[in-house]
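Descriptive structure summary
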Amino acid sequence: MAYAYLNVNQAETALVFQADPANQTLYWGSLAAGTTVELDLFMNATGLSYSQVLDLLALKTINPAQDSVIVSDDLSCDTNKKHVNNLTPTKFDIIHRFSRLWRKTTLTLQEMDAVVQSPALGNGGITTDLAWKLQYCLQQQKLWSLSAFQGLAFFSDIDTTGTDSLYNTLFQNRAVTNPLNRDFAVSSVTSVAPPPPAITAVHKGLLIGALGLAPGDLDTLIQKTDGLLSLHNISYFYRMAQLLQALSLSINDLLVLFDIINISPFADPPTTGAFYSK
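Notes on the structure in this doc start here.

Reading the values: rules and limits
- Residues numbered from 1 in each chain as written.
- Predicted model: local features only at pLDDT ≥ 70, side-chain atom pairs only at ≥ 80, totals over all residues.
- Heavy atoms only, no water.
- Core = buried A, V, L, I, M, F, W, Y, C linked by side-chain atoms within 4.5 Å.
- Buried < 20%, exposed > 50% of the residue type's maximum accessible area, 1.4 Å probe, protein only.
- Helix = DSSP H or I, 4+ residues; strand = E, 2+ residues; numbered from the N terminus.
- Contact = heavy atoms within 4.5 Å.
- Arc of directions from axis to C-beta.
- Phe/Tyr/Trp six-rings, centres within 6.5 Å; stacked < 30°, edge-to-face > 60°.
- Lys NZ or Arg CZ within 6 Å of the ring centre and 35° of its normal.
- Axes fitted to C-alpha atoms, helices over the stretch in contact; angles between N-to-C directions.
- Parallel < 35°, antiparallel > 145°, perpendicular 65-115°, else oblique.
- Left-handed = near helix turned anticlockwise from the far one by under 90°.
- Salt bridge = Lys/Arg side-chain N within 4 Å of Asp/Glu carboxyl O.

1. Examining the nonpolar core
The biggest cluster of nonpolar side chains holds 79 residues, and the ones touching the most others in it are Phe-98, Ile-158 and Leu-207. The element contributing the most residues to this core is helix H14 (residues 231-247), with 10 residues. Discounting residues that sit within four places of it in the chain, Ile-158 has contacts with Ala-153, Leu-166, Tyr-167, Leu-170, Phe-171, Leu-231, Ile-234, Ser-235 and Tyr-238.

Here it is in structure tokens:
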């Protein structure tokens, strides 16, 4: 059923979800015989634009060591005078399979990378296990009108990657809070030594505004943490707020529901689906 939902036919199943680094010439032709590919040929083979190739090479799934880059033969903008270097059979394989799966969705390259990397979904790999988890993930995003990173925050800390990350949109956005509260800086909420500060009344006001929680609900959630303004705790408040809104429940009713069902909705997408179906 997951393959059908993703519109992956039987012939494509192995192409997407089974690694095959030894046979990359079947998919790339002679390009896979070397370690460097002319940029215009790489773009033609992948169907990606120049900016998308740059995005692709920035992804952890594709280029974890960031050792594959675009190098230029001269100062011109000609793509036939630029090359993608340090390509290996493993990289050809993951680019091929990642691209095929990405095109089956409406996700951005960065969102697909986050899905593959999420411990609750791909855990770093494109496998058959990812297929059915991705189906549930996409269905839940559609059901609750969540973006990809909002949905992934159900299972891990809020994404802080890049200036336009979900975290920065919520807590480092001058259009919402000006001046910014330095206690909400990523460096502060992720600090180990010294630890993040204890949550104060000022912090509560910002959390309530960003998350849409009632003051009493936030207090209830804070009591279930160590009381620090850490990314881990903020992410917990966020996913609870999202679930409250999705289910139209009060915090007390949701906590009672947790006790009755005894299923954590934050383990992985299928478990979230099982919780919702109850």
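2. Describing helix H5 (residues 50-57)
Turning to H5, its buried residues are Val-53, Leu-56 and Leu-57. Summarising the axial view, the buried residues of H5 lie within an arc of 90 degrees, below the 170-degree limit, and thus occupy one face. On its buried side, H5 packs onto helix H4 (39-46), strand S2 (70-72), strand S3 (82-84), helix H6 (89-102) and helix H7 (109-117).

3. Re the packing of aromatic side chains
This structure, assessed with the given rule, holds 13 aromatic pairs. Sitting above the plane of the Phe-266 ring, Arg-239 keeps its charged end 5.8 Å from the centroid.

4. With respect to the packing of H6 against H7
It is the contact of H6 with H7, at a shortest axis distance of 11 Å, that shows an interaxial angle of 110 degrees. As judged from the angle between their axes, H6 and H7 are roughly perpendicular. The handedness of the crossing between H6 and H7 comes out as right-handed. Along its contact with H6, which presents Phe-98, Leu-101 and Trp-102, the element H7 presents Leu-109, Met-112, Asp-113 and Val-116.

5. So, the pattern of salt bridges
One pass over the full model with this rule turns up 7 salt bridges. Linking Glu-12 and Arg-100 is a salt bridge whose minimum nitrogen-to-oxygen distance equals 3.6 Å. Separated by 88 residues along the polypeptide, Glu-12 in helix H2 (residues 10-17) and Arg-100 in helix H6 bring together distant segments of the chain. Note that Glu-12 is salt-bridged to Lys-104, the shortest N-O span being 3.1 Å. Of this pair, Glu-12 sits in helix H2 while Lys-104 sits in the loop between H6 and H7, placing them 92 residues apart in sequence.

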